[in-house]
Amino acid sequence: MSRRRPTLSGAGGADVDVDEISESFSLLDVVYANQFEGEFIGQTTVEETEENFYRGAPPKWLNFHISKLAEADGTGSPFIKRDGYNRLVKLINKRRKGPGTSTLKLFHQQGCGGTTLAMQVLWDLRKTFRCAALTGSTLNITKVAKEVVHLFTAGDQYSLNTVLLLVNDEFILDHLQDAIMEEIGEHQLDIDMPVVIVLNCVRSDHVVLEKETLYKEKEEYQIKDVILKKTISDTEKQLFDAKKEELNRKYGDKVKQFHGFNILHTNFSPDYVEEACAIFNKMDRKNKPLKTRLAAFLSLLNAYVPGSYLLETQCLDFLTQGNPIYDDRSLDDQMQPFSHLVITFQRDRRCERKVCMAHPMIAKFCTELMAAAGVTRSDTARNFLTSFCSDDVPHCLLGFVKDMLTKREKIQVKRPDGAQEHREKRRTEHDNLEKFSKLILHITKMEDKKQSVSVLKVASNIFPSNALFPQALARFCYGELEDYKEAETWAQRAMERDPKKSFIADTLGQVHKHHLKNKDLRAEPREMLQLAQKAIEAFEDEEQLAESEHKKNMTEDEKAKVLRSLNIRGHFGFLQVCNILFNQLVGQNETWRRVLTGNVSLGSVLHSLGDNKVFRFNGLISHLREKVEKKFEFLDTFLTFSQSVMKKDMAYVSAEAAECYKKYVGDSAPKNKDKFEDILQKLKEKLAVTSAGVLSCLDRSFPAEVKLIAGWWEEMCQSKNVSTQALVNSILAKIMLKNMNMTTCSSDLHTTLRQKKPLSSDMQTEYHMLALLVFWPTDDDDRPSDLHQLIRQVKHSFDHDYQTILRSRYLRPVFFIGPGRGLNRFVHRRKIEIFWTKDALLDSDTNWRDENIFKDPTVQNNLVKLEGVVRNYRLYATFGGTEIELEANRRDGLWKSGDVSFYLGFTINGPVAFSIEKRLQITAGPPEKLKLETSDCDMDSCRWTKLEPEVRRLDGIKTYSLQSHGGSFECGVSSLRWVCQEPISFSYQFCSWENHREKPACIGYMPAGPLMDISLTAGKPEEVYLPHWIDTESATSDMFTVLHVDACGDSVQQVSELTPRHVKLVRPTFSPNGVMFRMKLGIPVKVYHDVLIFKTKKEFLTLHLYLVPPDPDLQEKVVIGESSYGSIRIPKPNPEKSLQILEDFLLKSDADVAEISPEKMKLRYKRRTYFEVFLRNVDGDFKLQLQTQNKDRVEEIVWTCTLRKAMQPLH
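Quick caveat, the model's predicted, so the values are computed rather than measured.

How each quantity is defined
- Residues numbered from 1 in each chain as written.
- Predicted model: local features only at pLDDT ≥ 70, side-chain atom pairs only at ≥ 80, totals over all residues.
- Heavy atoms only, no water.
- Buried < 20%, exposed > 50% of the residue type's maximum accessible area, 1.4 Å probe, protein only.
- Helix = DSSP H or I, 4+ residues; strand = E, 2+ residues; numbered from the N terminus.
- Pairing = 2+ DSSP bridges.
- Phe/Tyr/Trp six-rings, centres within 6.5 Å; stacked < 30°, edge-to-face > 60°.
- Lys NZ or Arg CZ within 6 Å of the ring centre and 35° of its normal.
- Core = buried A, V, L, I, M, F, W, Y, C linked by side-chain atoms within 4.5 Å.
- Patch = residues over 30% accessible without salt bridge, like charges linked within 9 Å, V, L, I, M, F, W, Y side chains within 5 Å.
- Areas by Shrake-Rupley, 256 points an atom, 1.4 Å probe, with all protein chains shown as cover.
- Salt bridge = Lys/Arg side-chain N within 4 Å of Asp/Glu carboxyl O.
- Polar contact = N/O pair within 3.5 Å; in protein donor to acceptor, adjacent residues only side chain to side chain.
- Contact = heavy atoms within 4.5 Å.
- Expected span 1.5 Å × (residues − 1).
- Axes fitted to C-alpha atoms, helices over the stretch in contact; angles between N-to-C directions.
- Parallel < 35°, antiparallel > 145°, perpendicular 65-115°, else oblique.
- Left-handed = near helix turned anticlockwise from the far one by under 90°.
- Lys, Arg positive; Asp, Glu negative; His and termini not counted.
- Charge placed at Lys NZ, Arg CZ, Asp CG, Glu CD.

Novice: I keep staring at the pairing of strand S25 (residues 977-980) and nothing clicks. Help me out?
Specialist: In summary, the side chains of a regular strand alternate between the two faces of the sheet. By the alternation rule, side chains of S25 split into Arg 977 and Val 979 and Trp 978 and Cys 980, which are all buried. As paired strands, strand S24 (residues 967-971) and S25 are joined by 4 bridges and run antiparallel to one another. Residue Phe 969 lies in a different strand from S25, and its bridge partner there is Trp 978. Counting the residues between successive antiparallel strands, the hairpin from S24 to S25 contains 5 residues, one of them, Ser 975, with a positive phi of roughly 70°. The sheet contact formed by S25 and strand S29 (residues 1023-1027) spans 3 bridges and is antiparallel. Looking across to S29, one finds that Arg 977 is bridged to Tyr 1025.

Written out as structure tokens, the structure reads:
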């Protein structure tokens, strides 16, 4: 075959020759813009590729090329586009306007065509983006990032183009995006386009069902992902019907064996699958030939491990069993009559040929058929292990076997109704995973537990160096059989195989813990103590291993790998054992309560306990309380300041740890009668003896308790030798009180900190974090602080105290800067979470990393938006005259240099910028404010040529059409402006805001300009200026945005520039567009309004006066409403001043007989009320005045007009 030099799409549309770098992508399967173009592809290759795909083989890029060729020459129809295709493409294109990296998820069920859809989209967009699939190892994230950036930068600096990357592993996404932005920063590239859009293809039946349930409660525009299920729509059915006719003409009877296609065509019909697998009903149940056994092996593997396969060489070796007679026969020939159910495929020439069943539904049904025929799952599993895994096992096969026997799937739990019920569910649900793999669960349920044990034993013996199989066996023995001796044996064997792995060591502790938990409550205390001691020793050994492996990882390249965080299961297991032991011993004899809490020694109460032999556990018992206290405080700090990157921390960990702590520590009496010891004990009862405990008050305490905690810490500070911890916790408690809207005594915190505890580098991290908060500059602060020094000290102390244990964990924000003063300006994260969830009872499990919380208007109103600048992928901001560099919560917020805005949060490691957004610039405008309908008349008014549109009315809807040559123009009706370099024509209609204002994209915003549905018929504008009616003197630039409505729903779009009467969009996409204005708490909003006056048909002169923004759609509704009653509009000049929303306005008249109601009216955008003026007898002209009344009841005239006698009705 002749082959063209590979090219990639460039941002400008021209392709880039990349032949010299095409071999440098070892982890990425790149789809080149000209892939297969100019190559001769033989008919045999075409038919084999197409047949194999329709039979059930995974798609190749060549499949899409072949389909396109057939469509072009008229011999075939287009490749079928599933219903999710168009939505997926639109969501991808929307992300072209987004940040440096973004993610889009495609959730799909196994065997429904999700991978095919994702690859089809990549293929179709290869000339728009630089498309690639991540097919290599994800262990070295830095290497993946380098290849992605290499693909992005291929060619010269003018041909950079966004990468569209297909990724299957969802757990690496955040780390990968950060690594990509870091790599871009090292290249020092100044880019104005996204680097990568990640299409994450997630195959999971339970996740699809969860998402479907969740999305049922949402509108389509709120859904940011795509779901593909095992069902086809009526539209898709028509496409499949047409394709089936085409395939019948082309392939004849072969189509009957196109199971991959036919299963979708029949809408995943079980009847079709049953008919396809009918051959298994005829198999010999007693004498099972090798081909039947191989079909059984493949079915079992594919049924329980999605994407699994066997190598063709392995299958041939198994079938021939060393018999040279069969060496020349193909696998297809040897597998008859099962051949049509089995497919062989090869991704490319570098890979070995692979074998699997035609479809997962076929694999599952065949497994069930054979089980019904007496070939049980356990028999098949054992035979498979002995037949294929006895010699050297390929790495891929070992992975499949691990998944089949040890991988636990998520439990699909229906959410209980009610927040409290949800909270209790989270506390008692100890694991969101199934107990065992799906195969082991099925063998246990459909056969018996002994068969599950047998399968795991075979695997453990066949893989003598692998620790996972004996670990799973140990778990099965203690969890299902309650055979703790056997469980202990297998747990120890697992540890012997991998003695340095803490997660393996955890199993031995779990064995003893479950043994203790299930011990008869009437058992001897010494038996319970013996088991507790074994469990505690095992968990403490696990802690040491976890610490060692964590430190070892620190010596490796941290950036290169997706690192595990510190394993805390040993700490938690210890506390669980202590909790169980406490309950069981105290349940037998209340004396144990005083012993375990350290109030009496064990030796002093042996007589009361009735067993002197328990004294040999005195060493264990005497240290329990101290260890419980230490481990709880560690866990509390660990979970307060950080959260898992890979998955959510389970809420029950914190709840159970606190329960154990309260029993051993919180309920014990102080050792002496000292006042401060008594206070300290009270704080322990409330779990508030540490800084982390104080900072968690909003999570687990009621307002009254927080007030007590603050008071106790205040008392602790009265000591002559007040500790640093007491001072820190006292101030933190006051801040927490402020966050609960409770008053505290005011004090000068600057002076308090400097006098009582001057800053020192050797103080605890919490002190330095607090000092940074307290000394953080304000606008009116006349006491400058050395911010650089404060931040250095926080980071230095963090490195010393927490860096090791919190490495690879996400640092949770503790406080944010809010709009208040003093202590009021520190907003605790829990308060922000409550603003977002609208429910204080829900657990604190916010994903701060994705920053969705900052889109909530209530959250925005309670935080202060600060300003900074991005330079060379770093964020800088100035506070108190000092410029500092800030860490970004998401590095993709740093992708573009320029002015930005952000929210400032504080973690235990210092300040962090959240929700970084490009900051808008307000251009200079004229000092005077003129009416919208006469355009801005600003300094560059001569630049705009005014055009009057052609107006057509159809079914009561007006359409305005305009056309122009190149230049700068303004519509004489709407004040819409545009700049074009070539002839252009377009039309627009005014739309109603009513259908959009309550949608999430618009919540917190008010309409700030007419909503216009613009349709482009020829040409393309470079710039468009949408009109708005907000007085920009009463607003800040970041309050403006543009609503963009398309088939995917409503979204907001940043504006490029703001003038007093317009917002600018560069290279806009047309659809319904309108300017919106974000309302901020405490900031007045001023809007230009028109006055609409109507004379009614009533007997005496009656006027209706409306205040309406210059929105043609809104004004037309008012006119139509009044006209329906026969009212006539009286044109009068509009107010020249802007009017403040939510301010009270009064309408007055110099006519004594005038009756005006209401007396005053609060100006609102949402409510279209009016003043009614009634005059029974009027002798001459009279005036109307609109006045505003401020809080001091001072009235100001904002508009006046004269109504002539001639307009009065004749009697």
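Novice: What should I look at first to understand the packing of aromatic side chains in this one?
Specialist: The description of an aromatic ring pair uses the distance of the two centres, along with the angle that the planes make with each other. Under the criterion given, the structure shown has 41 aromatic pairs. Centroid distance Trp 944 to Tyr 1025: 5.1 Å. Interplanar angle 75°. Geometry classified as edge-to-face. Taken together, the positions of Trp 944 in the loop between strand S20 (910-918) and strand S21 (945-947) and Tyr 1025 in strand S29 put the pair 81 residues apart, joining distant regions of the chain. Among the residues examined, Trp 944 registers a relative accessible area of 9% and is labelled buried. What links up through ring pairs into an aromatic cluster is the set Phe 53, Tyr 54, Trp 61, Phe 64, Phe 79, Phe 240, Tyr 251, Phe 258 and Phe 261. Over the ring of Trp 123 we find Arg 126, and its NZ or CZ is 3.8 Å from the ring centre. Lying across the ring of Trp 490, Arg 493 places its NZ or CZ 4.2 Å from the centre.

Novice: Looking at this model, I keep getting lost on the nonpolar core. Mind explaining?
Specialist: One broad rule of soluble globular proteins: the nonpolar side chains tend to lie buried together. Membership of the largest hydrophobic core comes to 123 residues, with the highest contact counts inside it found for Leu 294 and Leu 405. In terms of residues, this core owes the most to one element, helix H11 (residues 290-304), which gives 9 residues.

Novice: Hey, could you run me through a nonpolar patch on the surface in this one?
Specialist: A grouping of Phe 171, Val 645 and Met 646 is seen on the molecular surface, where their side chains present a nonpolar patch of about 260 Å² in accessible area. For Val 645, the location among the structural elements is in the loop between strand S12 (642-643) and helix H28 (651-666). Residue Val 645 is classed as partly exposed on the basis of its relative accessible area of 43%.

Novice: Just to check I follow, could you spell out the side chain of His 340 for this structure?
Specialist: Tracing the backbone through its elements, the reader meets His 340 in the loop between helix H13 (331-334) and strand S10 (342-345). With relative accessibility at 15%, the residue His 340 sits in the buried group. Looking at His 340, its side chain comes within polar contact range of the side chain of His 259, at 2.9 Å. The residues contacting His 340, other than those within four sequence positions of it, are Arg 55, Gln 257, His 259, Ala 276, Ile 279 and Ala 358.

Novice: Teacher, can you tell me more about the pattern of salt bridges here?
Specialist: Pairs can form between side chains of opposite charge once their charged atoms are near each other. Counted under the stated rule, the structure contains 52 salt bridges. Salt-bridge contacts for Lys 627 lead to Glu 540; the nearest nitrogen and oxygen are separated by 2.9 Å. Residue Lys 627 is located in helix H27 (residues 618-641), and its partner Glu 540 is located in helix H23 (residues 525-554); the two are separated by 87 residues in the primary sequence. Two residues, Arg 871 and Glu 883, come together in a salt bridge whose shortest N-O distance is 3.1 Å. Of the two residues, Arg 871 is situated in strand S16 (residues 865-871) and Glu 883 in strand S18 (residues 882-888); the sequence distance between them amounts to 12 residues. Under the relative-accessibility criterion, Arg 871 is labelled partly exposed at 34%. Salt bridges sharing common partners tie together Asp 174, Asp 178 and Arg 849.

Novice: How should helix H1 (residues 43-55) be read in this particular structure?
Specialist: Note on helix geometry: an α-helix contains 3.6 residues per turn, so any two residues three or four positions apart are oriented the same way. Taking 1.5 Å of rise per residue, the 13 residues of H1 would be expected to cover 18 Å, and the 18 Å separating its terminal C-alpha atoms lies within 8% of that figure. Looking at H1, one finds that the buried residues are Val 46, Thr 49, Glu 50, Glu 51, Asn 52, Phe 53, Tyr 54 and Arg 55. Against helix H2 (61-72), helix H4 (114-124), helix H8 (234-251), helix H9 (259-265) and S10 lie the buried residues of H1. Gly 56 sits one or two positions beyond H1 and adopts a positive phi of about 135°.

Novice: For this particular structure, what's the right way to read unusual backbone geometry?
Specialist: Phi is mostly negative for residues that are not glycine, and the peptide bonds are mostly trans. Going from Gln 336 to Pro 337, the amide bond is cis rather than trans, its omega being 5°. That bond from Ser 1157 to Pro 1158 is cis: its omega, -5°, falls within 30 degrees of zero. In this fold, Pro 1158 is placed in the loop between strand S41 (1155-1157) and strand S42 (1160-1162). Here Phe 268, not a glycine, exhibits a phi torsion of approximately 60°, which is positive. Its place among the elements puts Phe 268 in the loop between H9 and helix H10 (270-276). Residue classification places Phe 268 among the buried positions, given a relative accessible area of 6%. Its identity is not glycine, yet Tyr 873 carries a phi of approximately 65°, on the positive side. As for its placement among the helices and strands, Tyr 873 is situated in the loop between S16 and strand S17 (874-879). Residue Tyr 873 is classed as buried on the basis of its relative accessible area of 7%.

Novice: Just checking my understanding: could you explain the packing of H11 against helix H14 (residues 360-372) for this structure?
Specialist: Each pair of packed helices can be described by the angle between their axes along with the distance between the axes. Following both chains from N to C, one finds H11 and H14 inclined at 125°, their axes separated by 8 Å at the closest point. By the angle between their axes, H11 is oblique relative to H14. Here H11 runs over H14; the crossing is left-handed. Touching Ala 295, Ala 296, Ser 299, Leu 300, Asn 302, Ala 303 and Tyr 304 of H11 are Ala 363, Lys 364, Cys 366, Thr 367 and Met 370, all from H14.

Novice: Looking at this model, I keep getting lost on the sheet that holds strand S40 (residues 1144-1149). Mind explaining?
Specialist: By definition, the strands of a sheet pair up through backbone hydrogen bonds, in either a parallel or an antiparallel sense. Taking strand neighbours across the sheet as the criterion, the 4 strands line up as S42-S40-S44-S45 in an open arrangement whose pairing is antiparallel. What marks the edges here is a single partner per strand, and that holds for S42 and strand S45 (1195-1203). Going across the sheet, the axis of each strand differs from the next one's by a mean of 25°, ignoring polarity. Inspection of the sheet shows S40 paired to S42 by 3 bridges, in the antiparallel sense. Each bridged residue has a counterpart across the sheet, and for Asp 1144 the counterpart in S42 is Lys 1162.

Novice: Looking at this model, I keep getting lost on a positive patch on the surface. Mind explaining?
Specialist: Together, Lys 896, Lys 918, Lys 1020 and Arg 1067 line one region of the surface with positive charge. Assignment of secondary structure puts Lys 896 in the loop between S18 and strand S19 (898-907). Of the residues examined, Lys 896 reaches a relative accessible area of 32% and is grouped as partly exposed.

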